[in-house]
Amino acid sequence: MKPNGSSSSSSPSLTSPIIEHKAFARIGLLGNPSDVYYGRTISLNIQNFWATVRLQPSSDLQILPHPTHDLVQFTSISHLVNRLENEGYYGGVRLLMATCKVFKTYCKEQGIHLHDGNFSLSYDTNIPRQTGLSGSSAIVCATFSCLLDFYKVRDKIAVEIRPQLILNAEKELGIVAGLQDRVAQVYGGLLYMDFNKESMDKYGHGDYTQLDTSLLPPLYLIYAENPSDSGKVHSAVRQRWLDGDEFIVSSMEEVANLALEGKTALLEKDYAKLATLMNRNFDLRRRMFGDAALGSLNIEMVEVARRVGAASKFTGSGGAVVAFCPDGPSQVELLTDACKKAGFSILPVKVVPSLLNEIDIRSQSSKNA
Ligand SMILES: Nc1ncnc2c1ncn2[C@@H]1O[C@H](COP(=O)(O)OP(=O)(O)O)[C@@H](O)[C@H]1O
Ligand SMILES: O=C(O)[C@H]1O[C@H](OP(=O)(O)O)[C@H](O)[C@@H](O)[C@@H]1O
Ligand SMILES: [Mg+2]
C-alpha cells in the first residue's frame with residue numbers, strides 16, 4: 001500500500017514556473033497576547049504590508065539571503081555595531097530554513113510523499129521590522145505556502161494545522177510566539193480564535209471562526225521605526241505564567257475574555273464597547289509586562305492616541321498600535337496631527353479578504369468543515 005497521501009507527481013523540471021506567495025501583516029484587535037496562554041483573540045489580516053517569498057526550481061537547494069535584511073557587508077565597524085544594536089543578529093534566512101525543516105519533518109511523520117526536486121528560496125518584506133505586525137510569521141507563512149505548492153500537497157495538510165506548523169518553525173528558533181498571527185495569515189480576513197486547552201490538546205489547534213470584515217469600524221495603524229524582539233518581550237511573563245503566578249494567570253484570563261466580549265460587541269456593532277475593551281486590553285498588558293519591557297516609545301504611541309480620545313492598544317508585542325476613533329472623522333484628524341507631531345506614522349487599516357481557496361477549504365477536517 002502507498003503511504004498516506006502518496007503523490008504520483010514527479011519532480012518539477014528546472015524550467016517549471018516560479019512559485020510566489022504573499023503573506024500579509026496582522027493586527028491583534030482584542031485578546032492578545034492570551035493566544036500564547038490558551039486564551040482567545042480577535043485578529044485581522046491587513047493589506048497595508050506584506051512579505052513575499054519566491055521559490056524557483058533549481059539543481060541544488062539554496063536559501064538566498066536578503067540584500068538588506070540579512071546584511072553581512074558593512075561600511076565600517078560602527079555600521080555593523082549600529083545595525084546589530086538596532087535590529088539584532090538575525091534576518092529572515094533562519095526563518096526560511098526552519099520552515100523547510102518543519103515542513104519536511106511533518107510530511108515524513110505523516111507519510112506524505114515529497115518528490116526529490118530542489119529549489120531556491122528568496123524573500124522580501126515591507127512589514128516594518130519587529131513592530132508587532134507579525135513580520136516574522138509572514139515570512140514563514142509565505143514560505144510554507146510556496147512549499148505546499150511546489151510539492152503539490154495543499155490538499156494533504158489541513159488548513160487548521162498549518163498555523164501550528166508555521167509556529168513550530170519559530171519555536172525551532174527559540175522565538176516565543178503564539179498562534180494568532182499565523183491563523184490570521186493562513187485564513188485572511190477577520191477571525192475570532194479560541195485556543196482553549198481542550199481543543200488544543202485534543203486536535204492540536206484552536207477553534208477558528210471567520211467574521212464578516214464589514215463588522216469592523218474604521219481602524220488606524222500607528223507605528224514607529226523601533227524594532228523590539230517579541231521573544232524577549234514575552235519571555236519573563238511566559239515564565240511567570242508557567243510558574244503559576246496568580247496575577248499573571250488571572251490577568252491573562254481577563255485578557256482572553258475581552259475577545260469573547262469583543263465578538264459580541266462587533267456582531268452588535270457596539271463600538272463604544274469595542275473602544276472600552278481595546279483600552280482595557282492594553283492596560284492589562286501594561287500591568288503584566290511592566291513599562292520597562294514594553295518600552296517608552298511604544299507606550300507613548302498608545303498615549304498619543306488616547307490623548308485625543310481614541311481607543312488604542314498594541315497590534316502585537318510592541319512597535320505598532322491599532323487605534324479606533326469613536327467620535328469619527330474630526331477625531332481622526334486630531335489623531336493624524338498628533339501622530340505627525342510625535343514623529344509616528346499613521347495609516348488607515350485595509351483588511352485582507354479571506355485567503356482560503358477551494359482546495360484549502362476541502363482540506364479542513366470534518367470538525368471544522
Ligand atoms: N523584516 C524582517 N526581515 C527579516 N527578518 C525578520 C524581519 N522581521 C522579523 N525577522 C526575523 O524574525 C525574528 C522574530 O521577529 P519578531 O520579533 O517576532 O518580529 P515581528 O514582530 O515582526 O514578528 C527576528 O529575530 C528575525 O530573525
Ligand atoms: O504580544 C502579542 O500580542 C503577540 O506577540 C507576538 O507577535 P509579534 O508580531 O511578534 O509581536 C506573538 O507571536 C503573538 O502570538 C502575540 O499575541
Ligand atoms: Mg513575530
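The name an unreviewed UniProt entry gives the protein is glucuronokinase, with Helianthus annuus as the organism. Taken verbatim from the UniProt record of the protein, the Sequence similarities (unreviewed entry) comment is "Belongs to the GHMP kinase family." Taken from UniProt, the Function (unreviewed entry) comment for the protein reads in full: "Sugar-1-kinase with a strict substrate specificity for D-glucuronic acid and ATP. Involved in the biosynthesis of UDP-glucuronic acid (UDP-GlcA), providing nucleotide sugars for cell-wall polymers. May be also involved in a salvage pathway for glucuronic acid."

Turning next to helix H3 (residues 135-150). In an α-helix, one turn spans 3.6 residues, which is why side chains three or four residues apart end up on the same side. With 16 residues, H3 extends 23 Å from end C-alpha to end C-alpha; this agrees with the ideal 22 Å at 1.5 Å per step. Most of H3 is tucked away, with 14 of its 16 residues classed as buried. Lys152, located one to two residues past H3, shows a positive phi value of around 55 degrees.

Attention shifts here to unusual backbone geometry. Looking along the chain, the bond that leaves Asn32 and enters Pro33 is cis, with omega of 10 degrees. Its place among the elements puts Pro33 in the loop between strand S1 (19-30) and strand S2 (40-58). Backbone geometry at Lys152 places phi at a positive 55 degrees, although glycine is not the residue there. Classification of Lys152 by relative accessible area gives exposed; the value is 54%. Here the phi dihedral of Lys269 falls at roughly 50 degrees; this positive angle occurs in a residue that is not glycine.

As far as domains go, the protein holds domain 1 (19-213 + 356-368) and domain 2 (214-348). Once you take the C-alpha centre of each, domain 1 and domain 2 turn out to be 23 Å apart. Contact residues are listed per partner, giving 36 residues for domain 1 and 44 residues for domain 2. Approximately 3,300 Å² of surface area, both sides summed, lies buried where domain 1 meets domain 2, with 67% of it carried by carbon and sulfur atoms. The largest share of the area that domain 1 buries against domain 2 comes from Leu29, Leu30 and Tyr37, three residues that together contribute 20% of it. Inspection of the region where domain 1 meets domain 2 yields zero salt bridges. Scanning the region where domain 1 abuts domain 2 turns up 20 residue pairs in polar contact (both at pLDDT 80 or more). Going through the elements one at a time, S1, S2, helix H1 (77-87) and strand S5 (190-194) are the ones with two or more residues in the side of domain 1 that touches domain 2. Tallying contributions element by element places S2 first for the side of domain 1 that touches domain 2, with seven residues. In terms of residue class, the side of domain 1 that touches domain 2 is made up of 18 nonpolar, 13 polar and five charged.

This part covers a nonpolar patch on the surface. A cluster of nonpolar side chains, Ile77, Leu80 and Val81, forms an exposed patch at the surface whose accessible area comes to about 260 Å². Assignment of secondary structure puts Leu80 in helix H1. In this structure Leu80 comes out as partly exposed when scored by relative accessible area, which is 30%.

For the rest of this paragraph, the subject is the nonpolar core. One finds Leu29, Leu44, Phe103, Ile157, Leu221, Ile222 and Leu335 to be the most contacted residues of the largest nonpolar core, which totals 112 residues. Counting only domains with at least three residues in this core, you end up with domain 1 (19-213 + 356-368) and domain 2 (214-348). The residues contacting Leu29, other than those within four sequence positions of it, are Ile42, Ser43, Leu44, Leu216, Leu219, Leu274, Met278, Asn281, Lys313 and Val322.

As a further point, take the sheet that holds strand S7 (residues 220-223). With antiparallel pairing, four strands are arranged side by side in an open sheet as S8-S9-S7-S10. At either end of the open sheet lies a strand with only one pairing partner, and these are strand S8 (311-314) and strand S10 (345-348). Within the sheet, the average angular offset between the axes of one strand and its neighbour, ignoring direction, is 25 degrees. Against the sheet, helix H9 (residues 271-289) contacts S8 and strand S9 (320-324), and its axis sits at roughly 40 degrees relative to S8.

The next subject is the confidence of the model for the protein. Averaged over every residue, the pLDDT of the protein is 92; the share at 70 or more is 94%. Here residues 1-8 is modelled with pLDDT under 50, and outside its nearest four sequence neighbours on either side it reaches ten contacts, counting other chains as well.

About the criteria used
- Residues numbered from 1 in each chain as written.
- Chains lettered and ligands numbered in written order.
- Predicted model: local features only at pLDDT ≥ 70, side-chain atom pairs only at ≥ 80, totals over all residues.
- Heavy atoms only, no water.
- UniProt positions renumbered as here; feature names shortened; annotations may be inferred.
- Helix = DSSP H or I, 4+ residues; strand = E, 2+ residues; numbered from the N terminus.
- Expected span 1.5 Å × (residues − 1).
- Buried < 20%, exposed > 50% of the residue type's maximum accessible area, 1.4 Å probe, protein only.
- Domains from an automatic or database assignment.
- Contact = heavy atoms within 4.5 Å.
- Buried area = accessible area lost by both parts, 1.4 Å probe.
- Salt bridge = Lys/Arg side-chain N within 4 Å of Asp/Glu carboxyl O.
- Polar contact = N/O pair within 3.5 Å; in protein donor to acceptor, adjacent residues only side chain to side chain.
- Nonpolar A, V, L, I, M, F, W, Y, C, P; charged D, E, K, R; others polar.
- Patch = residues over 30% accessible without salt bridge, like charges linked within 9 Å, V, L, I, M, F, W, Y side chains within 5 Å.
- Areas by Shrake-Rupley, 256 points an atom, 1.4 Å probe, with all protein chains shown as cover.
- Core = buried A, V, L, I, M, F, W, Y, C linked by side-chain atoms within 4.5 Å.
- Pairing = 2+ DSSP bridges.
- Axes fitted to C-alpha atoms, helices over the stretch in contact; angles between N-to-C directions.
- pLDDT = per-residue confidence, 0-100.

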